Amino acid sequence: MTAFKDADEVYEYIGGMFDTATKTPAFIEATEGTSLVILIKQTNPDAAILVDFPGQSVKTGDEALAGKSTVQLRMSSDNANKFWQGKLNFTLAMAQRKVKLDGKRSVALKLLPLTEGLFDTYKQRLKDTGRDDLLVG
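Predicted model only: the values in this text are computed from it and were never measured.

## Re the pairing of strand β2 (residues 47-52)
Among the six residues of β2, five are classified as buried, and the element is accordingly described as predominantly covered. For strand β1 (residues 37-43) and β2, the ladder comprises six bridges, and the chain directions are antiparallel. Paired with Ile-38 across the strands is Val-51, a residue of β2. A loop of three residues connects β1 with β2, the two strands running antiparallel in sequence, and Asn-44 in this loop sits at a positive phi of about 55°. Two elements, β2 and strand β3 (residues 57-60), share four bridges in a ladder whose sense is antiparallel.

Shown next, in the form of structure tokens:
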């Protein structure tokens, strides 16, 4: 069984975190002058999220797939949920092929340390919406 019941939940929770990131000063500063646009393709359930850091926008579904990206990221929705809670070591997950990252990876990888500041925000969002079932121990 997967953590999310459908793509709409992925967009609400995971897409919501990327929307928060695109508007967070540390991410804005770190991506300034870059063309970093990440297409995240998730499985179980299938979902697509396009994160445009310079444009500070997030698109989902078919609109995301129609966009142009500089980096492509593939993982299960369960792993995305774990990541945003600080429970997935991204580098190890890449080595184990649980996460696949293609394209201009260097800028995207520089953002990893910044995501730690959003883990508590994600967990609180889950709690506030009654989704304690998505919390990873």
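## Quick look at the packing of aromatic side chains
Two numbers describe a pair of aromatic rings. These are the distance of the centres and the angle of the planes. Taken as a whole and judged by the stated rule, the model has six aromatic pairs. On the basis of an interplanar angle of 80° and a centroid distance of 5.3 Å, the ring pair of Phe-83 and Trp-84 is categorised as edge-to-face. Residue classification places Phe-83 among the buried positions, given a relative accessible area of 8%. Here Trp-84 falls in the buried class, since its relative accessible area comes to 2%. Counting every residue linked through ring pairs, the aromatic cluster contains Phe-18, Phe-83, Trp-84, Phe-90 and Phe-119.

Scoring rules and cut-offs
Residues numbered from 1 in each chain as written. Predicted model: local features only at pLDDT ≥ 70, side-chain atom pairs only at ≥ 80, totals over all residues. Heavy atoms only, no water. Buried < 20%, exposed > 50% of the residue type's maximum accessible area, 1.4 Å probe, protein only. Helix = DSSP H or I, 4+ residues; strand = E, 2+ residues; numbered from the N terminus. Pairing = 2+ DSSP bridges. Phe/Tyr/Trp six-rings, centres within 6.5 Å; stacked < 30°, edge-to-face > 60°.

Just geometry here; none of it tells us what the structure is for.
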